[in-house]
Amino acid sequence: MADKSAHAPSESTAVDPKHAARATRSAGRKMRSLLLDAASPLFRERGLSGASITDIASAANAFPSQITYYFRTKEALFVECACRDLLYLARATEQAALTARTPREYTHALAATVTASDSVAFFAEALTLTRRRQDLAPLVERTIERLHAEGARAYAGQVARHGWRSLRAPDESSRRFWAVAIGVILEGYAMGRSPDELCAEMLRVLGEQAKSTGEAARLRLVDDGNASTPTDEES
């Protein structure tokens, strides 16, 4: 009689179901990331209609069926690429502004970084697409809310770090910045404006965001001086 124990899995080789599930999820996340990495430059270069599922799968060394498995449609992949790229841009923008010492330098660093990228225009295409595909709108909504929340957090941190006096609430400043960025960049692309021209226009529209500690102190001194100076009627 054959020894069945020779064919039975030992305790050391038995697969833990939880470990297998984690490995499957990890592999899935890695594949999704690879597909997004491959699709983003193709969409930017060729647009939604010009980048085929076959081309994207080939660039990711994957199968076309994996795109439909993870994203269902090419449109959904397009929107997710655009949303991810915009959040990456927001992170890069915050990093570029970390060395700013004054509110003016801070705003300039933000505007220069945003206008040097085509991520905002890419995202605007996704916004247009969701008008016809409302099933994709929740992803865009979550991206916008995260964009504003992280922008407000970064701005509030800079204000607190340097002791600036903000002219608006952090959330209002973040929402205003990105609304101006989207509007200026879309108009600028249509007019064929350069990144430097887009940056200059953004700075013009945004105006001052905050006052530095020295500026705020000088303003207080001026206000106090005006208040203590007797008027002609008082003298």
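Residues numbered from 1 in each chain as written. Predicted model: local features only at pLDDT ≥ 70, side-chain atom pairs only at ≥ 80, totals over all residues. Heavy atoms only, no water.

Caption draft 1: View of the overall build of the protein chain. Scanning the protein chain from terminus to terminus reveals ten helices and two strands. Secondary structure elements of the protein chain, listed N to C terminal, follow the sequence α-α-α-α-α-α-α-β-α-α-β-α. Split into buried and exposed, the 235 residues of the protein chain put 37% on the buried side. A sequence separation of at least 24 residues applies to 71% of the contacts in the protein chain between residues at least 6 apart. As displayed, the protein chain offers around 14200 Å² of accessible surface, 54% of which is attributable to carbon and sulfur atoms. (Helix = DSSP H or I, 4+ residues; strand = E, 2+ residues; numbered from the N terminus. Buried < 20%, exposed > 50% of the residue type's maximum accessible area, 1.4 Å probe, protein only. Contact = heavy atoms within 4.5 Å. Areas by Shrake-Rupley, 256 points an atom, 1.4 Å probe, with all protein chains shown as cover.)

Caption draft 2: Here's a closer look at the packing of aromatic side chains. One pass over the structure, following the stated rule, counts six aromatic pairs. Here a set of aromatic residues connected by ring pairs shows up, and it is made of Phe 43, Phe 78 and Phe 122. (Phe/Tyr/Trp six-rings, centres within 6.5 Å; stacked < 30°, edge-to-face > 60°.)

Caption draft 3: Structural detail: the nonpolar core. Core analysis: the largest hydrophobic core is formed by 55 residues, its most contacted members being Phe 43, Ile 56, Leu 77, Trp 178 and Met 202. When residues no more than four places from it in sequence are discounted, the contact partners of Phe 43 are Leu 48, Ala 51, Ile 56, Lys 74, Leu 77, Phe 78, Cys 81 and Phe 122. (Core = buried A, V, L, I, M, F, W, Y, C linked by side-chain atoms within 4.5 Å.)

Caption draft 4: Representation of helix H5 (residues 103-115) within the structure. The terminal C-alpha atoms of H5, which comprises 13 residues, lie 18 Å apart, in line with the 18 Å expected from a rise of 1.5 Å per residue. Every buried residue of H5 is accounted for by Pro 103, Tyr 106, Thr 107, Ala 109, Leu 110, Ala 111, Val 114 and Thr 115. Taken together, the buried residues of H5 touch helix H4 (74-96), helix H6 (119-132), helix H7 (137-162), helix H8 (170-191), helix H9 (195-206) and strand S2 (210-211). (Expected span 1.5 Å × (residues − 1).)

Caption draft 5: Layout of the state of the cysteines. With the rule as written, the count across this model stands at zero disulfides. In this structure Cys 81 is not part of a disulfide, and its nearest cysteine sulfur, from Cys 83, lies 9.5 Å away. (Disulfide = S-S within 2.5 Å.)

Caption draft 6: Region of interest: unusual backbone geometry. With a phi angle near 55 degrees, Asn 61 is a residue other than glycine that sits in the positive phi range. Within the fold, Asn 61 resides in the loop between helix H2 (53-59) and helix H3 (64-71). The exposure class of Asn 61 is exposed, given its relative accessible area of 72%. With phi around 75 degrees, Arg 72 is a residue other than glycine that occupies positive phi space. When you line up the elements, Arg 72 lands in the loop between H3 and H4. Arg 72 sits in the exposed class, given a relative accessible area of 53%.

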